[in-house]
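Residue-level listing of the chains:
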Amino acid sequence: MAAGQVAACTRCRATICRAGAAHRSAQRTAAAALGAFVLFWPAVLLPILEIEKLGHHHESSLIGGIIELFAHRNYFVGGIVLVFSIIFPLAKIVLLLELSLLELLHRKHKSTTYRVMEAVGKWSMMDVLLLAFLVMLVKLGSLVEFHFGPAVFAFAACVGMSMLASMSFDPHAIWEREGNDE
């Protein structure tokens, strides 16, 4: 489609596609995915919860919690948290960056990359983990004193940016850009 052209429905005249829409979609997706990538690291490395119980103070990051689970031989739970809260969300963010910005893979792999990103994104549990922390704070508020660590804000922003990147991604942009490259 040439610059300035608009594809419209012949029946209702609604705009179906505008020239350059794929490029703008890719830019929005790349910006949100890059923001999620930057926020991911403080979200998993900084203390997410500060717990005080009977005078004992304990801070834990998401990575630290996984390491503690493995140290206490809770391999199954530690593995589940590692895969669904670290590996899958990071993979989803990196794949969104690949599809919208990096373009390191050959163009014939784009559709496979998109399918993998969709599958991984469905199993990414960062947003569910955030809700679990909030429910835990409400349920145990009178028994144990909880304070949000600095990672909670990065974690919430990372979840938001990742969701925004997913929502703004236009899979048709993959093929539209391919057609322009030839």
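Structure shown above.
In short, a report on the structure. All values derive from a computational prediction rather than experimental measurement.

## Digging into the side chain of Lys 92
Relative to the assigned elements, Lys 92 resides in helix 3 (residues 75-102). If we skip the residues at most four places from it in the chain, Lys 92 touches Met 117, Val 120, Gly 121, Ser 162 and Ser 166.

## Looking at the nonpolar core
Core analysis: the biggest nonpolar cluster contains 29 residues, and Phe 40, Met 117 and Phe 169 have the highest contact counts within it. At the level of secondary structure, the elements contributing two or more residues to this core comprise helix 1 (21-45), strand 3 (47-53), helix 2 (62-71), helix 3, helix 4 (110-123) and helix 6 (151-168).

## Observations regarding the packing of helix 3 against helix 4
Across the interface, helix 3 lies against helix 4 with an axial gap of 9 Å and an inter-helix angle of 150 degrees. As the angle between them shows, helix 3 and helix 4 are arranged roughly antiparallel. Of the two elements, helix 3 crosses helix 4, and the hand of that crossing is left-handed. Contacts between helix 3 and helix 4 involve Phe 84, Phe 88, Ala 91, Lys 92, Leu 95, Leu 96, Glu 98 and Leu 99 from the first element and Lys 110, Thr 113, Tyr 114, Val 116, Met 117, Val 120, Gly 121 and Trp 123 from the second. Classifying every residue of the contact of helix 3 with helix 4 gives eleven nonpolar, two polar and three charged.

## Some thoughts on the state of the cysteines
Applying the stated rule across the entire model yields zero disulfides. Looking at Cys 9, it has no disulfide partner, and the nearest cysteine sulfur is the one in Cys 12, 3.7 Å off. Overall, the relative accessible area of 25% leaves Cys 9 in the partly exposed class.

## Points about the packing of aromatic side chains
For the structure shown, the criterion picks out five aromatic pairs. On the numbers, 5.9 Å between centres and 85 degrees between planes, the contact of Phe 37 with Trp 41 is edge-to-face. Separated by four residues within a single helix, Phe 37 and Trp 41 lie in helix 1, roughly one turn from each other. An aromatic cluster is built from Phe 37, Phe 40 and Trp 41, whose rings are joined through pairwise contacts.

About the criteria used
Residues numbered from 1 in each chain as written. Predicted model: local features only at pLDDT ≥ 70, side-chain atom pairs only at ≥ 80, totals over all residues. Heavy atoms only, no water. Helix = DSSP H or I, 4+ residues; strand = E, 2+ residues; numbered from the N terminus. Contact = heavy atoms within 4.5 Å. Core = buried A, V, L, I, M, F, W, Y, C linked by side-chain atoms within 4.5 Å. Buried < 20%, exposed > 50% of the residue type's maximum accessible area, 1.4 Å probe, protein only. Axes fitted to C-alpha atoms, helices over the stretch in contact; angles between N-to-C directions. Parallel < 35°, antiparallel > 145°, perpendicular 65-115°, else oblique. Left-handed = near helix turned anticlockwise from the far one by under 90°. Nonpolar A, V, L, I, M, F, W, Y, C, P; charged D, E, K, R; others polar. Disulfide = S-S within 2.5 Å. Phe/Tyr/Trp six-rings, centres within 6.5 Å; stacked < 30°, edge-to-face > 60°.

Without other data, these values stay purely geometric and don't point to any function.
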